[in-house]
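What follows is the residue order along each chain.
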Amino acid sequence: MFSRVSNKTLAKIAVYGAFGAISAVFYMRYSIEKRLRGQEYYTNALKLLQNHTGAVGLLGQPVRDRGFDLSDKVNFCDGREAHFEVTVRGSKDRGTYYFWARREAQQNTEDSKPATEESLQTTAGAPKGTWDIYRAELELKSKPDQRLVIKN
């Protein structure tokens with residue numbers, strides 16, 4: 001009724017299954033990182049770094065981000081606050097770019113009263129408004145005990 005499957009066939013199935021599962025995890029991680037890199041707070045923070053003459057002078061042109069560690073608890077965004085440690089690289093040096101962002105509440109345009117908590121909520125539960133990078137620092141690999149304040 002049932003035919004015996006050889007150990008070689010079982011080993012192949014296990015290897016292909018493991019390869020498929022690992023590939024799916026890496027693809028999921030890549031797609032999450034890509035989506036986060038496209039967010040307003042992330043792009044604004046990188047523009048801030050790339051437009052800072054002191055940072056560009058230390059890192060060298062072009063300044064590029066090399067990503068962040070999703071598993072690090074320091075990197076987070078809850079819809080109102082965001083904090084990330086991003087690895088950056090230039091032609092002269094590399095380092096870690098730390099930034100903190102906050103979503104500014106949008107004023108209610110129907111009247112001059114401040115917006116209420118209910119009017120700030122979107123369908124996803126995050127407030128409406130633009131992101132403000134309120135703090136940003138750059139730590140160079142060549143000088144790990146010093147940080148250049150980009151914005152404070």
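If you're wondering where the values come from, they're calculated on a predicted model, not measured in any experiment.

A. Summary view of the overall build of the chain. Counting its regular elements, the chain contains four helices and six strands. Each helix (α) and strand (β) of the chain, taken in turn from the N terminus, gives the series α-α-α-β-β-β-β-α-β-β. For the chain, the proportion of its 152 residues judged to be buried stands at 26%. Accessible surface computed for the chain: about 10700 Å², of which carbon and sulfur atoms make up 53%.

B. Looking closely at the side chain of Glu-137. Take Glu-137: it is sitting in strand S5 (residues 131–140). In terms of polar contacts, Glu-137 uses its side chain to reach the side chain of Arg-135, at 3.0 Å. A polar contact of 2.6 Å, which involves the side chain of Glu-137, links it to the side chain of Arg-147. Setting aside residues up to four positions removed in sequence, Glu-137 forms contacts with Thr-96, Tyr-97, Tyr-98, Trp-100, Arg-147, Leu-148 and Ile-150.

C. Here's a closer look at the pattern of salt bridges. Within the structure shown, the criterion is met by eight salt bridges. Note that Glu-33 and Arg-29 form a salt bridge whose closest N and O atoms lie 3.6 Å from each other. Highlighted residues: Glu-33 and Arg-29, both in helix H1 (residues 7–37), separated by four residues, approximately one helical turn. A salt bridge links Glu-81 to Arg-102, with the shortest nitrogen-to-oxygen separation between them at 3.1 Å.

D. Main features of the environment of Gln-39. Of note, Gln-39 is situated in the loop between H1 and helix H2 (40–50). Judged by its relative accessible area of 33%, Gln-39 is partly exposed. Linking Gln-39 and Trp-131, residues 92 residues apart in sequence, is a C-alpha distance of 9.7 Å.

E. Focus on the nonpolar core. Of all hydrophobic cores here, the largest spans 24 residues; its most connected members are Tyr-41, Leu-49, Phe-84, Tyr-97, Phe-99 and Leu-138. Taken together, the elements giving at least two residues each to this core come down to H2, helix H3 (53–59), strand S3 (81–89), strand S4 (94–103) and S5. Each residue touching Leu-49, except ones within four places of it in the same chain, is listed here: Ala-55, Val-56, Val-63, Val-88, Tyr-97, Leu-138 and Ile-150.

F. Structural context of the pairing of S3. As paired strands, strand S1 (residues 64–67) and S3 are joined by three bridges and run antiparallel to one another. When the bridges of S3 are listed, Asp-65 appears paired with Val-88. Of the strand pairs in this sheet, strand S2 (residues 76–77) and S3 are connected by two bridges, and their pairing is antiparallel. By the bridge assignment for S3, Cys-77 is matched with Ala-82. Between S2 and the antiparallel strand that follows it, S3, lie three residues; Gly-79 among them carries a positive phi value of about 95°. Taken together, the nine bridges between S3 and S4 define a ladder with antiparallel strand orientation. What sits directly across from Glu-85, in S4, is Tyr-98. Taken together, S3 and the strand that follows it, S4, pair antiparallel across an intervening segment of four residues.

Rules used in this analysis
- Residues numbered from 1 in each chain as written.
- Predicted model: local features only at pLDDT ≥ 70, side-chain atom pairs only at ≥ 80, totals over all residues.
- Heavy atoms only, no water.
- Helix = DSSP H or I, 4+ residues; strand = E, 2+ residues; numbered from the N terminus.
- Buried < 20%, exposed > 50% of the residue type's maximum accessible area, 1.4 Å probe, protein only.
- Areas by Shrake-Rupley, 256 points an atom, 1.4 Å probe, with all protein chains shown as cover.
- Polar contact = N/O pair within 3.5 Å; in protein donor to acceptor, adjacent residues only side chain to side chain.
- Contact = heavy atoms within 4.5 Å.
- Salt bridge = Lys/Arg side-chain N within 4 Å of Asp/Glu carboxyl O.
- Core = buried A, V, L, I, M, F, W, Y, C linked by side-chain atoms within 4.5 Å.
- Pairing = 2+ DSSP bridges.

That is the geometry; function is a separate question.
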